[in-house]
Structure formats: structure tokens, C-alpha cells
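Breakdown of the fold
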Number of protein chains: 2
Amino acid sequence: MSREPFSARLAARGREVGSLLCLGLDPTGCADASEVERFCVAMLEAALPHVVAVKPNLAFFEQHGAAGLAVLERVRHMVPASRLLILDAKRSDIGSTAEAQARALFDVWGADAVTVNPLLGQDAVAPFLARPGTAALILARTSNPGAADFLEAPLQDGRPLYRLIVERALTWSGAAEIGFVVGATAAPVVAEVRCLAPSAPLLLPGIGAQGGDLEAAVSAGLDAAGGGVVVPVSRGITGAADPRAAAADLCRRIEAVRAGAPRR
Amino acid sequence: MSREPFSARLAARGREVGSLLCLGLDPTGCADASEVERFCVAMLEAALPHVVAVKPNLAFFEQHGAAGLAVLERVRHMVPASRLLILDAKRSDIGSTAEAQARALFDVWGADAVTVNPLLGQDAVAPFLARPGTAALILARTSNPGAADFLEAPLQDGRPLYRLIVERALTWSGAAEIGFVVGATAAPVVAEVRCLAPSAPLLLPGIGAQGGDLEAAVSAGLDAAGGGVVVPVSRGITGAADPRAAAADLCRRIEAVRAGAPRR
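Cut-offs used in this document
- Residues numbered from 1 in each chain as written.
- Chains lettered and ligands numbered in written order.
- Predicted model: local features only at pLDDT ≥ 70, side-chain atom pairs only at ≥ 80, totals over all residues.
- Heavy atoms only, no water.
- Helix = DSSP H or I, 4+ residues; strand = E, 2+ residues; numbered from the N terminus.
- Contact = heavy atoms within 4.5 Å.
- Areas by Shrake-Rupley, 256 points an atom, 1.4 Å probe, with all protein chains shown as cover.
- Lys, Arg positive; Asp, Glu negative; His and termini not counted.
- Charge placed at Lys NZ, Arg CZ, Asp CG, Glu CD.
- Least-squares fit on C-alpha atoms with pLDDT ≥ 70 in both.
- Core = buried A, V, L, I, M, F, W, Y, C linked by side-chain atoms within 4.5 Å.
- Buried < 20%, exposed > 50% of the residue type's maximum accessible area, 1.4 Å probe, protein only.
- Disulfide = S-S within 2.5 Å.
- Salt bridge = Lys/Arg side-chain N within 4 Å of Asp/Glu carboxyl O.
- Polar contact = N/O pair within 3.5 Å; in protein donor to acceptor, adjacent residues only side chain to side chain.
- Pairing = 2+ DSSP bridges.
- Axes fitted to C-alpha atoms, helices over the stretch in contact; angles between N-to-C directions.
- Parallel < 35°, antiparallel > 145°, perpendicular 65-115°, else oblique.
- Left-handed = near helix turned anticlockwise from the far one by under 90°.
- Nonpolar A, V, L, I, M, F, W, Y, C, P; charged D, E, K, R; others polar.
- Right-handed = clockwise from strand over helix to strand, strands pointing away.
- pLDDT = per-residue confidence, 0-100.

1. As for the overall build of chain A
Assigned secondary structure in chain A consists of 11 helices and eight strands. By its C-alpha atoms, chain A is 50 × 45 × 40 Å across when sized along the principal axes. The contacts in chain A between residues at least 6 apart in sequence include a share of 70% that link residues at least 24 apart. Just so you have it, chain A exposes about 8,900 Å², and 53% of that area is on carbon and sulfur atoms. Taken together, the 25 basic and 27 acidic charged side chains of chain A have centroids lying 4 Å from each other.

Right, here's the structure in full:
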């Protein structure tokens, strides 16, 4: 299958929908798999008009066992081709194991992009870079307090680990694109990663419940064309009294930043 | 549920079975989920008499979708209580997401221990430390070439990253035990981790197909009581002409190292 690069698809879909917002599907607190399914159906119906992408986190499906993954397979088919599917699983493993993970995420569950944990190095990430038109979004600096434990640890040359991860990942090659996950809770790091990787797609989690500043993070992350970012929000939409209105408002705020940003 | 600590269970089961060998269930090359199930049934039947633990890697089940995970759920029930179940999934995520991952692995799929990727720091690992009697086996230095990219990167004080991971993880507390995954391909690192963590359970992958030296790795990893290690082998058993004989031979070689090792 020949497909345009992920970034080009993100830009095109973003223009069509008028949004860089991504619905994070994190069904917490559901009693069983069928409740998960009802939750996903309701949230997709509410938010799809205002989002360019949908990002289920596999953990919330896995916690209901195989039945939960069966729901993911049905939910996947509710995401129209006009939206991008980002599967958040933070996988990676050695050799043939990472190949099996990539098959699950891209070939079985149909991801357009996946989040990847780079700790095990290049050969553990390579299988996620094999499919044209997709992207591997590599964890660079996450939005949680524990990011300070290792990702910000200073290396011998003074760089924090996350910077080595970004610089090294940019030398890796594959048919897919490499992007990065950078927590919106640290806008200066978003700006730093954008500087290192001018054209990489950036996923900016941490808006809303985690306290990330939407305007600061998006402004720091936009590429020269005023795009290149995906802003996932889960609880800020799915926990709102009116999820549709919450999504519309978040979308509008992102577009306002884009409208005001200088084109670099 | 009150259970003995993981290490105590490992020691007791190890004595009963007379083995520290672990069957790695990595069903590669199966056409579909039912072939995966036949593979697992056959390998469990062949190897169970000679192993103290069974370690399925979830990737090889996931690549067959929800049907593959349903097989994992059935396979899980074929592992008797006299053997430990180590689920190899290398998970971790932030906050409530890691909690959902831990629920999937321990509560739904019944793991006695799981492998955990520490990159995101303490709060991403904490949910895997909540269950008494279990263990979180933290990736320290893996057996693949990419371990050189980040895990061996020197920090400002000269320590490689894996050493910071081990030292920091040993300060984390929880109801569960903390152990480490150290590739058998680097016996000196196994010895170093054992020195840092005298009583932690160590999982030593990389024997066989990956070229790790069984005798060197086991010798380096044994604790003062001559135990504390789990030696997972997958292809070296499941790819053998006679898997039962291969498991018996590996078990015998590990026991020979233990018999010859000085009690420290």
C-alpha cells in the first residue's frame, strides 16, 4: 500500500477538519468491556467533528482482558479514514519481539502512528519504522514527575538523556517517519525538541488534567508551516459535562494559537 | 490474598522442581491464534517438568489480535501453581495508565512477576509494585545491541545509565519485590547488578540464540544462597528437535553451575 507520509496526511487532514486536536480514549473506571465500548462510541460521536486524530491507550482496553482488546478492534473501525489513529502503547522490545508488536499495532489494529519507548535502542525501535505512511512517536520527555528520574538525567557531556534520545533517533532511518512525544507540561523542552527536529511530528500530551499550558506548548511545538503537532486530550474532553463543547473549545484554542503564531 | 514474597516462592519452587530454568513462550511464525495455542500446549507439556517458571511474551499473542490474547488467557491456566508465571510485556506508562497495565498483567492475566521498562521513572513503575508476593523485573541492561545506545550511555558522574536505573530503583518501595532484567550476553554486568542488589531476583535473558554464555551468566548472577536467578530460554527449547531433552539439558547445566558455585 502506497501512502503519503504521516506528516503530509496530518497536515491535509488537519486542514480538512480544521483541527490539530486528538481525542485521547482512556476508558478508566468502566466496569466491563461493554461499558468501555459504550464509552468509546459516545466519545467518538461527541468529539469526532473537532479532532484530527484519535488516540486510544491500549492499557485501558487490556485491563478487561481479551474482551477489552476485542472492543478496541471494533472501536478502531469507528474511526473514519478522515481521521488518524494513534495507538498509544509505548511498546518496544528486542528483535523479533518488536516486529510482533509492530504487526499487532499497525497490521492488526490499523494504527497510523504509535508511541514507542526508546530505552532499548535502535534495533528495538527499527521494526516500528518499517511501514511507509506511518510514524513512530518516540518518548522524549514525558509529562509525569518521573521524567526527572532518567529522561532528564545529565549525561557526561551535559546533555540530558532526552536530548541524546532525540538526536540519536533523528539518525535512524526507515520507511516510516520519526516523531516525538514531549509533555506539554514542559513547554521549553517542546521548543528545544522542535529546534532539534524542525519537521518531525510532535505529540504533546499533558494538557488539562496534568496541568500543561495549551497555548505555551502548542506555540512552542508548531513547525515552520504552523503545523506538525498533535494535541491529545482525554479527561479534558471525556470528563467534561459536555464533551462535544469541550472538544470544540480546545480545537478553537489551538487554532487561535496557530493563527497568531509567526510563520518561521 | 497473603502470599510469600516472590523471591521466597522462587526459592521454594526452585527446590521442589530442581530447576531455575524458565520456558520462554515466544510463538513466532504461527499462522493464527489456534496454531499459537497448539504450540503453547505442546511446549508446556514438553518443558514443564524441567522449569520453575513460564514466561510468555505478550507481543506474540497480540500479533493475532484479541483472539491471540484469548489464547494467552487459556495458556495461563495451563501453568500449574507449582510454577511461576512471568509475563514479559516491558510495560510502564504514567499514572492511571500504568495502574491499568498492572491490573491487566497481575489481576486479569495472573502474573507472579512482570517485566517493566523504567524509562519514565518512579511514578510509572509504582503501580507494578503494589501487589504483595509479586515482583517487578526492571529492565537494567538488555541483551540486544541497542543496549549500547542509551542503557550504557555514561552519565555526568561516569556511571552508565543502567547503573543509575538499578541504584535508583533499589530506593523505590512497594508491597512487591523489585528485580532486574540483565542480559546474559554481558556476564560482567550481571555480576555488577548482583553486587548492587544482593537479594534481588534477576531475570537473565539472552541464553542460546542470542549467544549468552549460560555458565558465565548464571555464575555471575547467583545470590549468596546460590539462587535468585531465573534463566529464560525460548528458541533454545522450542526450536530444538526434542524440546523436552533440550529443557532437561539446560536445567542440568544450570544446576551444575549452582553445585559448583561458592556460597558467598
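Moving on, there is more to tell.
2. As for the relation of the copies chain B and chain A
Turning one copy of the chain about an axis and sliding it along that axis gives the other copy, so a rotation and a shift relate them. Between chain B and chain A, the superposition needs a rotation of 180° and an axial shift of 0.0 Å, giving an RMSD of 0.0 Å. Between the two chains, the operation in question is that of a two-fold axis. Interface overlap between copies is the fraction of interface residues in one copy that are interface residues in the other; for chain B against chain A it reaches 100%, indicating a shared surface.

3. Notes on the nonpolar core
With 200 residues, the main nonpolar core has Phe-180 of chain A together with Phe-180 of chain B as its most contacted residues. Leaving out residues up to four positions away in the same chain, Phe-180 of chain A has contacts with Leu-137, Ile-138, Ala-140, Val-166, Ala-169, Leu-170, Val-193, Ala-197, Ala-200, Pro-201, Leu-202 and Leu-203 of chain A.

4. Focus: the state of the cysteines
Under the counting rule described, the total for this entry stands at zero disulfides over all chains. You can see Cys-40 of chain B has no disulfide; the closest cysteine sulfur is in Cys-30 of chain B, sitting 7.4 Å from it.

5. As for the interface of chain B and chain A
Reports often express the size of an interface as the amount of accessible area lost when the parts come together. The partner chain A presents 54 residues to the 54 residues of chain B that form the contact. There are six salt bridges connecting chain B and chain A. Close ionic contact of Asp-93 of chain B with Lys-90 of chain A constitutes a salt bridge, the shortest N to O distance being 2.9 Å. Our enumeration of links across chain B and chain A arrives at 23 residue pairs in polar contact (both at pLDDT 80 or more).

6. Details of the sheet that holds strand β5 (residues 135–141) of chain A
All names here are of chain A. Taken together, eight strands build a closed barrel; the order of strands is β1-β2-β3-β4-β5-β6-β7-β8 and the barrel is parallel. In the sheet, strand β1 (residues 21–25) pairs with strand β8 (residues 229–233) via three bridges, with the strands oriented parallel. Its bridge partner being in β8, Leu-23 is matched across the sheet by Val-233. Against the sheet, helix α8 (residues 187–196) touches β5, β6 (177–182), β7 (202–203) and β8, its axis set at about 165° to β6.

7. Looking at the packing of helix α9 (residues 214–221) of chain A against helix α11 (residues 243–260) of chain A
All names here are of chain A. It is at 9 Å that the axes of α9 and α11 come closest, and there the two elements cross at 45°. Taken as axis vectors, α9 and α11 run oblique relative to one another. Our pair here, α9 against α11, has a crossing hand that is right-handed. On the side of α9, the interface is formed by Leu-214, Glu-215, Val-218 and Ser-219, while α11 contributes Leu-250, Arg-253, Ile-254 and Val-257. A breakdown of the residues in the contact of α9 with α11 according to their chemical character gives five nonpolar, one polar and two charged.

8. Section: the pairing of strand β3 (residues 84–91) of chain B
All names here are of chain B. Of all eight residues that make up β3, eight are buried, and the element is covered over most of its length. By the alternation rule, side chains of β3 split into Leu-84, Ile-86, Asp-88 and Lys-90 and Leu-85, Leu-87, Ala-89 and Arg-91, which are all buried. Note: strand β2 (residues 53–56) against β3, two bridges, orientation parallel. Opposite Val-54, over in β3, you have Leu-85 as the bridge partner. Sheet topology note: the β3/strand β4 (residues 113–116) ladder contains three bridges and is parallel. Each bridged residue has a counterpart across the sheet, and for Ile-86 the counterpart in β4 is Ala-113. With helix α5 (residues 95–108) bridging β3 and the parallel β4, this β-α-β connection has right-handed handedness.

9. What about the environment of Leu-161 of chain A?
In this fold, Leu-161 of chain A is placed in helix α7 (residues 161–169). Classification of Leu-161 of chain A by relative accessible area gives buried; the value is 1%. Each C-alpha atom, one on Leu-161 of chain A and one on Ala-140 of chain A, is 8.6 Å from the other, the two residues being 21 residues apart in sequence. For Leu-161 of chain A, the contacting residues outside a window of four places in its chain are Phe-150, Leu-151, Glu-152, Ala-153 and Leu-155 of chain A together with Leu-119, Phe-150 and Leu-161 of chain B.

10. Comments concerning the confidence of the model for chain A
Looking at chain A as a whole, its pLDDT mean stands at 96, while 98% of the residues score no less than 70. For this predicted complex, the interface score ipTM comes out at 0.96, alongside a pTM of 0.97.

11. Thoughts on unusual backbone geometry
For residues that are not glycine, phi is negative in most cases, and the peptide bond is trans in most cases. Residue and element names in this part refer to chain A. In this structure, Lys-90 is a non-glycine residue whose phi angle is positive, near 50°. Within the secondary structure, Lys-90 is located in strand β3 (residues 84–91). Taking the relative accessible area as the measure of exposure, Lys-90 reaches 9% and is therefore buried. Its identity as a non-glycine residue notwithstanding, Ser-92 has a phi of 160°, on the positive side. One can find Ser-92 in the loop between β3 and α5 (95–108). Since its relative accessible area comes to 3%, Ser-92 is described here as buried.

12. Considering the pairing of strand β2 (residues 53–56) of chain A
Residue and element names in this part refer to chain A. Side chains Ala-53 and Lys-55 project from β2 onto one buried face, and the interleaved Val-54 and Pro-56 project onto a second face that is buried too. Note that β1 and β2 share four bridges and pair parallel. For Leu-23, the partnering residue across the bridge sits in β2 and is Val-54.

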